[in-house]
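Remarks on the overall topology
The chain contents come next:
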Amino acid sequence: PAVEEIKWTARPMGEGFSGEEVHWAQACLYALLLCDRDKLPRAAVRLVYIDPEGVVTTLVRERSVEQLREQFETWAVPYVRWHTMEEGLRDARLATAQALPFPFPAYRPGQQALARNIYVALRDARHLVCEAPTGLGKTAAALYAAARALGEGRVQRVFYLTARGTGRLAAEAALDLMRQMGLKARSVSLEAKEKVCALGEPVCDPEICPRAKGYFDRKRQAVADSFATDRFDRETIARLCETHTLCPFE
């Protein structure tokens with residue numbers, strides 16, 4: 001019995017080409033499924049590469065079901081660990097957002113009505129246009145309503161857009177206040193590429209920018225390290241990217 005994974009490739013396949021490990025991994029997972037389904041003790045795993053000229057290169061590895069299962073576990077354990085962390089964050093967000101009190105001792109005039117209308121719009125997936133004077137506390141009202149909607153599972157993520165940097169700072173401050181009240185939720189402040197580029201001028205060519213070259217090889221560890229914090233403002237992202245030589249914008 002054999003599993004055959006066929007790949008079209010533009011890459012030249014000269015002497016010593018042994019196939020891409022990610023392709024072997026894909027084919028080995030299929031082989032394990034086959035062995036489990038048909039109660040097979042072993043299977044052949046074939047990678048078939050076809051280049052633009054139609055030349056076919058076939059590579060074969062023989063694997064026992066024990067070897068396939070051992071390989072699968074080495075790939076599955078980090079995947080399960082990753083999703084366990086994600087589920088833990090999600091559960092904490094749901095529980096703390098649902099129990100979150102309003103982050104101030106009392107509502108300002110009109111603020112509670114604004115928060116209530118925003119919550120209903122989120123709950124019912126409706127559009128809402130509001131007009132309110134400066135000083136009413138629109139940012140806190142909107143983010144509090146969004147947090148409660150998150151806690152009830154009405155929405156999975158919230159985008160809060162501002163026209164100026166001062167609006168971003170106000171939103172970050174409101175979230176910080178809610179975190180002091182017990183909210184466990186992650187936030188990321190997105191900014192223009194030109195503002196956060198580590199080179200000063202975005203030149204996203206791996207041959208020029210060391211942060212673009214090998215980006216995806218380093219990204220996974222950086223994201224894993226990011227689980228230790230909830231607030232990703234410009235400075236936090238810059239420090240994380242400096243440690244792992246990554247592009248802050250990406």
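Residues numbered from 1 in each chain as written. Predicted model: local features only at pLDDT ≥ 70, side-chain atom pairs only at ≥ 80, totals over all residues. Heavy atoms only, no water.

**Details of helix α1 (residues 21-38)**
A turn of α-helix holds 3.6 residues, and therefore any two residues three or four places apart point the same way. Selection rule: Every helix listed is a DSSP run of H or I at least four residues long, and every strand listed is a run of E at least two residues long, numbered separately from the N terminus. Helix span is expected to be 1.5 Å times the residue number reduced by one. Burial status follows relative accessibility: with a 1.4 Å probe on protein chains alone, a residue under 20% of its type maximum counts as buried, one over 50% as exposed, and anything between as partly exposed. Here, two residues are considered to be in contact whenever any of their heavy atoms come within 4.5 Å of each other.
With 18 residues, α1 extends 25 Å from end C-alpha to end C-alpha; this agrees with the ideal 26 Å at 1.5 Å per step. For α1, the set of buried residues is H23, W24, A25, A27, C28, A31, L32, L34 and C35. In this structure, the buried side of α1 is in contact with β1 (2-8), β2 (42-50), β3 (56-64) and α2 (65-98). One or two positions beyond α1, positive phi appears at K39, with a value near 55°.

**Observations regarding a nonpolar patch on the surface**
Here is the rule: Patches draw on residues past 30% relative accessible area with no salt bridge. Two like charges within 9 Å are joined, as are two nonpolar side chains (Val, Leu, Ile, Met, Phe, Trp, Tyr) within 5 Å. Accessibility throughout is a Shrake-Rupley quantity obtained with a 1.4 Å probe, and a residue counts as covered only by protein chains that appear here. Here a salt bridge means any side-chain nitrogen of Lys or Arg lying within 4 Å of a carboxyl oxygen belonging to Asp or Glu.
A cluster of nonpolar residues, L29, Y30, L33, F72 and W75, forms a patch on the protein surface that exposes about 460 Å² of accessible area. Every element with two or more residues in the nonpolar patch is listed here: α1 and α2. Top element by residues in the nonpolar patch is α1. It accounts for three residues. Tracing the backbone through its elements, the reader meets L33 in helix α1. Here L33 falls in the exposed class, since its relative accessible area comes to 57%.

**Structural notes on the nonpolar core**
Put simply, the rule reads: Think of a nonpolar core as a cluster: buried Ala, Val, Leu, Ile, Met, Phe, Trp, Tyr and Cys residues, connected wherever their side-chain atoms sit within 4.5 Å.
One finds C35, V45, L47, L59 and L68 to be the most contacted residues of the largest nonpolar core, which totals 17 residues. For this core, the secondary structure elements donating two or more residues are α1, β2 and α2. A total of seven residues in this core trace back to one element, the largest contributor, which is α1. Beyond its immediate stretch of four places on either side in the chain, L68 contacts C28, A31, L32, C35 and R63.

**Quick notes on the pattern of salt bridges**
Here the structure, examined in full by the defined rule, presents 15 salt bridges. Across the salt bridge formed by E242 and R211, the nearest N and O atoms sit 2.8 Å from each other. In this pair, E242 sits in helix α8 (residues 234-244) while R211 sits in the loop between α6 (193-196) and α7 (215-225), placing the two residues 31 residues apart along the sequence. Exposure remark for R211: the relative accessible area of 10% places this residue in the buried category. Residues participating in the shared-partner salt-bridge network are R168, E172, D176, R179, R231 and D233.

**Thoughts on the sheet that holds β1**
Our working definition: Note on pairing: two strands pair once DSSP finds at least 2 bridges between them. Every axis corresponds to a line fitted to the C-alpha atoms, with the helix fit spanning only the stretch in contact, and the corresponding angles, defined between N-to-C directions, vary from 0 to 180 degrees.
Within the open sheet, the three strands sit side by side as β1-β2-β3. Their pairing is mixed. Edge positions in the sheet fall to β1 and β3, since each of these pairs with one other strand and no more. When the angles between neighbouring strand axes are averaged without regard to direction, this sheet yields 15°. Bridging between β1 and β2 involves seven bridges; their strand directions are parallel. Bridged to V3 within β2 is V45. Along the sheet, α2 makes contact with β2 and β3, crossing β3 at roughly 100°.

**A short note on the side chain of E172**
To keep things clear, this is the line we draw: Between N or O atoms, a polar contact is any pair within 3.5 Å; within protein, one atom must be a potential hydrogen donor and the other a potential acceptor, and residues adjacent in sequence are included only when both atoms are from side chains.
Mapped onto the fold, E172 is located in helix α5 (residues 165-180). Accessibility expressed as a relative area gives 9% for E172, which makes it buried. A polar contact of 2.5 Å, which involves the side chain of E172, links it to the side chain of S189. In contact with E172, other than residues within four places in its own chain, are S189, R231 and D233.

**Section: α5**
Just so we agree on the cut-off: Arc, as used here, means the arc of the directions from the helix axis to the C-beta atoms.
Helix length check: α5, at 16 residues, gives a terminal C-alpha distance of 23 Å against a target of 22 Å (1.5 Å per residue), a fit within 8%. Among all positions in α5, only A171, E172, A174, L175, M178 and R179 are buried. Around the axis of α5, the buried residues are gathered within 160° of arc, so they sit on the same side. Seen from the open side of α5, the exposed residues pointing more than 90 degrees away from its buried face are T166 and Q180. Where the residues of α5 are buried, they touch α4 (138-151), β4 (187-188) and β5 (231-232).

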